[in-house]
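What follows is each chain in one-letter form.
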Amino acid sequence: MKSSEVRSRFLEFFAERDHRVVASSPLVLPNDPTLLFANAGMNQFKDVFTGREQRDYRRAASSQKCLRVSGKHNDLEMVGRTPRHHTFFEMLGNFSFGDYFKREAIAYAWELATKVYGLPAERLWVSVFGGSDSAQADEEAEAIWRDEIGIPTERLLRLGEKENFWRMGDTGPCGPCSEIHFDLGEDLTSVDGVSTPENDERRYLEIWNLVFMQFDQHEDGGLQPLPAPSIDTGMGLERIVSILQGKRTNYDTDLFLPILHAAAERAGKRYGDDEEDDFSMRVISDHARAFCFLVCDGVVPSPDKRGYVLRRLLRRAMRHGRKLGIEEAFLHEITPVVTDCLKGVYPELVASLDGTLEIGRREEQRFGTTLVAGMGRLEDALASTKGALPGATMFELYDTFGFPLDLMRDIADERGVALDNPGFDTEMAKQRERARASYKGKRKEVVSGVYDALAGKHRTQFEGYDRVQLDGVRIAALLRDGEPVDALQEGEEGEIVLEATPFYAESGGQVGDCGSLVGANGEAAVLDAQRPADGLIVHRARVDSGSLATGEATRAAVDEGRRDAIRRNHTATHLVHAALREVIGSHVKQAGSLVAPDRLRFDFSHFASISDETLADIESLVNEKVLADTEVGCELLELEEALRSGAMALFGEKYGDRVRVVTVGEFSKELCGGTHCGRSGEIGVVKLLHERGIASGTRRVEALTGGGALDEFRQAQRVLHALEGQLSVPRERLAEELERRLEQVRTLQREIDALRVEQVAEGLEDAVAGAEDVSGVKLVARRVDGLAAQQLRELADRMVAKLGSGMVVLGRAEGDKASLLVAVTPDLKGRLPAGDVVRSLGKIIGGGGGGRPDRAEAGGKNPEKLDEALAQVPAEVRQRLEDSPSASGD
């Protein structure tokens, strides 16, 4: 049975039993920033299980993309060594949200395993929760397996809390679980005596875990029965496929073999001939799959969080390529095979292939540089190590330089140097704790108690999508300096809560609306609108006349001109996003945005700068869609339906069970709660200003629309007109004329620089001729301000050549900085190494430096100490000559 059929039969089985087949969420969950990556099928249903979200179905099934590379699931070093450890994998699962429970879940699992997949019943073992100090044994599940399914007692195990009790966290839903294990064969027995799934993982393979969520765990550890128990199951696709294809390892299935053969062909080897080579090929095949799916879901290599994980996986794959003898870039030959294997189920892999290939090429090039830098640092560390290489040094090489740990071990073994592995583990644990603390803190919203209290009493109805003014809107609450008050007087600023509002509260990158509130006794200017708690909108306002009091009716009016400008920029942002994906690649994902009345800013994941020509193509495509005057549609859909329809979701945004989907024809479809134009033509025009990097793997583009773009064009027109007049050439020749004149300036500057060097050199002729004799060494130390660094080097080389044997020290000051250059003739570099001398002198000017034994430089931030440093040179030379063990100069 092919893997594609294994997957489809699972989903079809549960669809026939009234389960909603739900598409896999992205690896980067749009609704849960507490997780680095999706690592289980239930992740996308977490809020459904906890009751925070309601959906229109109570049964679901999915094949979920998962990645396990961190936390308790971090078995990265085991990938490729064992038959079934992976980074990326698919989790088949069926779920019940307060619908069916243990009896049905067990029956479904048994029917699918034995009837649909045809697994021999006599080779299946089952484990149930055997009880612990905090919970009783799951006798109900045990009885169902024994009495209704017919599992013999000798193949029905009671296991402990570690193996058969599941918790979502320290508190919340939890419950016992039941695992189904498959007997791979008596010849794989690895224990003496009775072999069971409890003690023999080599012979028995866990294929399915059925979690029975029936308790709510409290902070004191107590378990309270849930009013509506639920089911969460998970079966690794790779594992069940290995059984159904009669293979002893996951890597020998059709999910991996084509990738393994591609790696073997590239290395000029054959898979199966050598275990160490096979290990490297398995690592490459696993990591190539993870690479393709991560890029497809918008992750690009970077120094932190998700990008760091991707970079580590890529570098590990590259390292194993080198172990196979592949010195050149090779991932571009492997990743298309991954795409070909899975494009039938994940067609988005094809769309992102070009970006994946380019990222792979760039990372392999970067890795070559990394190896050179890391090898130098490792060589220095090994040379100076007495005993074991310190764990802190190992971690620095691993974390900062990206140096593979296994390569570090190989080289250390070759040199006979032990490694401080416990010290490395300690540093790694510290880093994980830092990352965990950072990630946990990310979603902790600091909301004062007063906002929580207001949100409990007043849920603000937003009615501003199709209107900018509401009459007779009652003031529900007033705050001044964060405290509730009955009224705000003229000149006071405060926060106003209305029962309903046309004011959009800042969210999703769009700024809050401004406008006015007019009551019977006063008027206020609305300066901003915010959403400090779920369902609550507060209006920051200043009372300009009279007073406003709770209970009063007001006319709430949004500044319509400002709102229109924001709408143009927001719809344009969607067009820019879609154009970036079409022109650059579908790996582009939104990483942040600002939608303001005067401009738009869009941050996105991408691995390189965008050329002017490509940026022009993007701008042209956006304006093509603007000129088409396409209708901008908005509709409310269930979250799952919206995502299944292809709507783009923004990571980090919290979506409800029903979401607003904004479309611009067939070109753009996004989940968005913001305000938009009715048609794309209302934008007028979009002018992209510039594009730049703001972090590794993240780019930013800024743009203007409507009147802002018109102002930009007028300003450019004024500048061009002025240049035409000043240079006396027509517009089409401006660039040519400017380049001609700049080249004239550069030529003149080179001539001036050459004259300055000659002038200084002539002034130093006497200095060379009258060089100071310091313990038999000719020495020239002079200050030469006004020269560039390269000119200083050229001058030093000329002076050293004229000395024949000796030392030259030159210093210069410019602004608040000073620099020194030390040059010595070859016969003296052993006794007077320039690097050592310049480091010592550099301390005087408040800095440091280094370089070659014959020439070195230093910089400092204390130019006022430059003369002191130059005056110290004779003493420095004298002292070093006295300390030198040899007078030969060798």
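An account of the accompanying structure is given in this report.

Calculation criteria
Every chain begins its residue count from 1, and numbering advances along the sequence as written. Selection of residues for local features in this predicted model requires a pLDDT of at least 70, selection of side-chain atom pairs for listing and counting requires 80 or more, and totals for whole chains, interfaces and linings are taken over all residues. The basis for the side-chain values is all heavy atoms of the structure; hydrogens and waters are excluded. Put simply, DSSP H or I for four residues or longer makes a helix, DSSP E for two residues or longer makes a strand, and each gets a number counted from the N terminus. Note on classification: 1.4 Å probe, protein chains only; a residue is buried when its accessible area is under 20% of the maximum for its type, exposed when over 50%, partly exposed between these limits. We call two residues in contact when some of their heavy atoms are within 4.5 Å. Calculation of accessible area relied on Shrake-Rupley with a 1.4 Å probe; when residues are assessed, cover is drawn exclusively from the protein chains displayed. Under this scheme, a helix contributes an axis fitted over its contacting stretch, all axes are lines through C-alpha atoms, and angles between N-to-C directions fall in the 0 to 180 degree range. Our angle categories are set so that under 35 degrees counts as roughly parallel, over 145 as roughly antiparallel, 65 to 115 as roughly perpendicular, and the remainder as oblique. Helix crossings fall into two classes, left-handed where the near helix is turned counterclockwise from the far one by less than a right angle and right-handed where it is turned clockwise. In this count, Pro and Cys sit with the nonpolar residues alongside Ala, Val, Leu, Ile, Met, Phe, Trp and Tyr, while Asp, Glu, Lys and Arg are called charged and the others, Gly among them, polar. The disulfide criterion is simple: two cysteine sulfur atoms within 2.5 Å. Two strands are counted as paired when DSSP detects at least two bridges linking them. The term nonpolar core refers to a set of buried residues drawn from Ala, Val, Leu, Ile, Met, Phe, Trp, Tyr and Cys, joined through side-chain atoms within 4.5 Å. Helix span, as expected, comes to 1.5 Å for every residue beyond the first. Centre distance within 6.5 Å is the pairing criterion for rings of Phe, Tyr and Trp, where only the six-membered ring of Trp is used; planes under 30 degrees apart are then read as stacked, over 60 as edge-to-face, and the remainder as tilted. Criterion for a charge above a ring: Arg CZ or Lys NZ at most 6 Å from the ring centre, at most 35 degrees from the ring normal. Any Lys or Arg side-chain nitrogen found within 4 Å of a carboxyl oxygen on Asp or Glu counts as a salt bridge.

Things to note about the overall build of the protein
A tally of helices and strands in the protein yields 25 helices and 32 strands. Here the protein holds 890 residues, and the buried ones make up 51% of them. The long-range fraction of contacts in the protein, counting pairs at least 24 apart against all pairs at least 6 apart in sequence, stands at 68%. If you sum the accessible surface of the protein, you get close to 40,000 Å²; carbon and sulfur atoms cover 47% of it.

Details of the packing of helix 7 (residues 257-267) against helix 10 (residues 331-342)
Between helix 7 and helix 10, the least distance of the axes is 9 Å, while the angle of their chain directions is 160°. In terms of axis orientation, helix 7 runs roughly antiparallel to helix 10. As helix 7 packs across helix 10, the resulting crossing turns out to be right-handed. Contacts from Pro258, Ile259, Ala262, Ala263 and Arg266 in helix 7 reach Glu333, Ile334, Val337, Val338 and Cys341 in helix 10. Partitioning the contact of helix 7 with helix 10 into residue classes produces eight nonpolar, no polar and two charged.

Observations regarding the state of the cysteines
Each disulfide consists of a covalent bond between the sulfur atoms of two cysteine residues. Under the definition given, this model contains zero disulfides. Of all cysteine sulfurs, the one in Cys296 lies closest to Cys292, which takes part in no disulfide; the gap is 8.8 Å. Note on Cys292: relative accessible area 1%, which makes it buried. For Cys296, a relative accessible area of 6% translates into the label buried.

Some points on the sheet that holds strand 22 (residues 632-638)
The three strands lie next to each other as 22-23-24, forming an open sheet whose pairing is antiparallel. Since the sheet does not close on itself, it has two edges, and those belong to strand 22 and strand 24 (668-671), each with one partner. On average, each strand axis in the sheet is tilted by 25° relative to the strand beside it, whichever way the strands run. Helix-sheet contacts for helix 17 (residues 560-583) involve strand 22, strand 23 (658-664) and strand 24, and the interaxial angle to strand 24 is about 115°.

Here's the deal with the nonpolar core
The biggest cluster of nonpolar side chains holds 109 residues, and the ones touching the most others in it are Phe37, Tyr117, Leu119, Trp145, Ile207, Trp208 and Ile240. Among the elements that line this core, the one with the most residues is helix 8 (residues 275-296), at 10 residues. For Leu119, the contacting residues outside a window of four places in its chain are Ala113, Thr114, Leu124, Phe182, Ile207, Ile240, Ile243 and Leu244. Counting residues in each nonpolar core, the second largest holds 28 residues, with Phe604, Val622, Val664 and Ile683 among its members.

Side note on the sheet that holds strand 21 (residues 600-605)
Spatially, four strands are ordered 20-21-26-25 in an open sheet, and the strand pairing comes out antiparallel. For this open sheet the edge positions go to strand 20 (590-595) and strand 25 (686-695), each flanked by a neighbour on one side alone. Shown here is a sheet whose adjacent strand axes are inclined to one another by a mean of 15°, direction ignored. By the bridge criterion, five bridges tie strand 20 to strand 21 in an arrangement that is antiparallel. By the bridge assignment for strand 21, Gln590 is matched with Phe604. Set on the sheet, helix 18 (residues 612-627) makes contact with strand 25 and strand 26 (698-705); between it and strand 25 the angle comes to about 135°. Its contacts with the sheet place helix 20 (residues 706-727) against strand 25 and strand 26, and it is angled at close to 90° to strand 26.

Section: the environment of Ala60
Of note, Ala60 is situated in strand 2 (residues 59-67). Looking at Ala60, the relative accessible area reads 0%, which means it is buried. Taking C-alpha positions, Ala60 is 62 Å from Arg718, a pair spaced 658 residues apart along the chain.

Some remarks on helix 18
An ideal rise of 1.5 Å per residue puts 22 Å on 16 residues; helix 18 measures up with 22 Å between its terminal C-alpha atoms. Considered for burial, the residues of helix 18 that qualify are Leu615, Ile618, Glu619, Leu621, Val622, Asn623 and Val626. Where helix 18 terminates, the next one or two residues include Asp629, which has phi positive at roughly 50°.

Some details on the environment of Ala557
Here Ala557 lies in strand 19 (residues 553-558). Ala557 sits in the buried class, given a relative accessible area of 14%. Beyond its immediate sequence surroundings of up to four residues, Ala557 is in contact with Val468, Gln469, Phe503, Cys514, Gly515 and Ser516.

Focus on the packing of aromatic side chains
A complete count under the given rule lists 24 aromatic pairs for this structure. Each ring, one from Phe45 and one from Phe95, has its centre 4.8 Å from the other, and the planes form 50°; the classification is tilted. With Phe45 in the loop between strand 1 (20-21) and helix 2 (46-50) and Phe95 in strand 3 (residues 88-96), this residue pair connects regions lying 50 residues apart in the sequence. No difference in accessibility class separates Phe45 from Phe95, as the two residues are buried. An aromatic cluster is defined as three or more aromatic residues linked by ring pairs; in this entry it consists of Phe10, Phe13, Phe14, Tyr100, Tyr108 and Trp208. Here the guanidinium or amino end of Arg81 rests over the ring plane of Phe279, the centre of that ring lying 3.6 Å away. The positively charged end of Arg312 is found above the aromatic ring belonging to Tyr398, 4.1 Å away from the centroid.

A closer look at the pattern of salt bridges
By the definition in use, this model includes 61 salt bridges. Among the salt bridges present, the one from Asp711 reaches Arg714, with a minimum N-O distance of 3.9 Å. Pair noted here: Asp711 and Arg714 are both in helix 20, with a separation of three residues, about one helical turn. Measuring nitrogen to oxygen at the nearest pair gives 2.7 Å for the salt bridge that ties Asp836 to Arg839. With Asp836 and Arg839 both in helix 23 (residues 834-844) and three residues apart, the pair spans about one turn of that helix. Overall, the relative accessible area of 31% leaves Asp836 in the partly exposed class. Salt bridges sharing partners connect three or more residues here, namely Glu739, Glu743, Arg746 and Arg750.

What about the packing of helix 10 against helix 12 (residues 353-384)?
Two elements in contact, helix 10 and helix 12, have axes separated by 9 Å at closest approach and are oriented at 150°. Judged on the interaxial angle alone, helix 12 and helix 10 are roughly antiparallel. In this structure, the crossing between helix 10 and helix 12 has a hand that is right-handed. Together, Leu331, His332, Thr335, Pro336 and Thr339 of helix 10 and Leu353, Thr356, Leu357, Arg361 and Glu364 of helix 12 make up the contact between the two elements. A breakdown of the residues in the contact of helix 10 with helix 12 according to their chemical character gives four nonpolar, four polar and two charged.

A word on the pairing of strand 26
Of all eight residues in strand 26, eight are buried, a share of seventy percent or more. Residues of strand 26 alternate between two faces, with Thr698, Arg700, Glu702 and Leu704 on one and Arg699, Val701, Ala703 and Thr705 on the opposite face, all of them buried. Examined bridge by bridge, strand 21 and strand 26 share six bridges and lie antiparallel to one another. By the bridge assignment for strand 26, Phe604 is matched with Arg699. When strand 25 meets strand 26, the two strands line up antiparallel, connected through eight bridges. The partner of Glu691 across the bridge, within strand 26, is Val701.

What about the pairing of strand 3?
When you tally the buried positions in strand 3, you get nine out of nine residues, the bulk of the element. Examined bridge by bridge, strand 2 and strand 3 share nine bridges and lie antiparallel to one another. Of the residues in strand 3, the one forming a bridge with Gln64 is Met91. Examined bridge by bridge, strand 3 and strand 9 (residues 223-236) share four bridges and lie antiparallel to one another.

Purely geometric stuff here, so don't read any function into it on its own.
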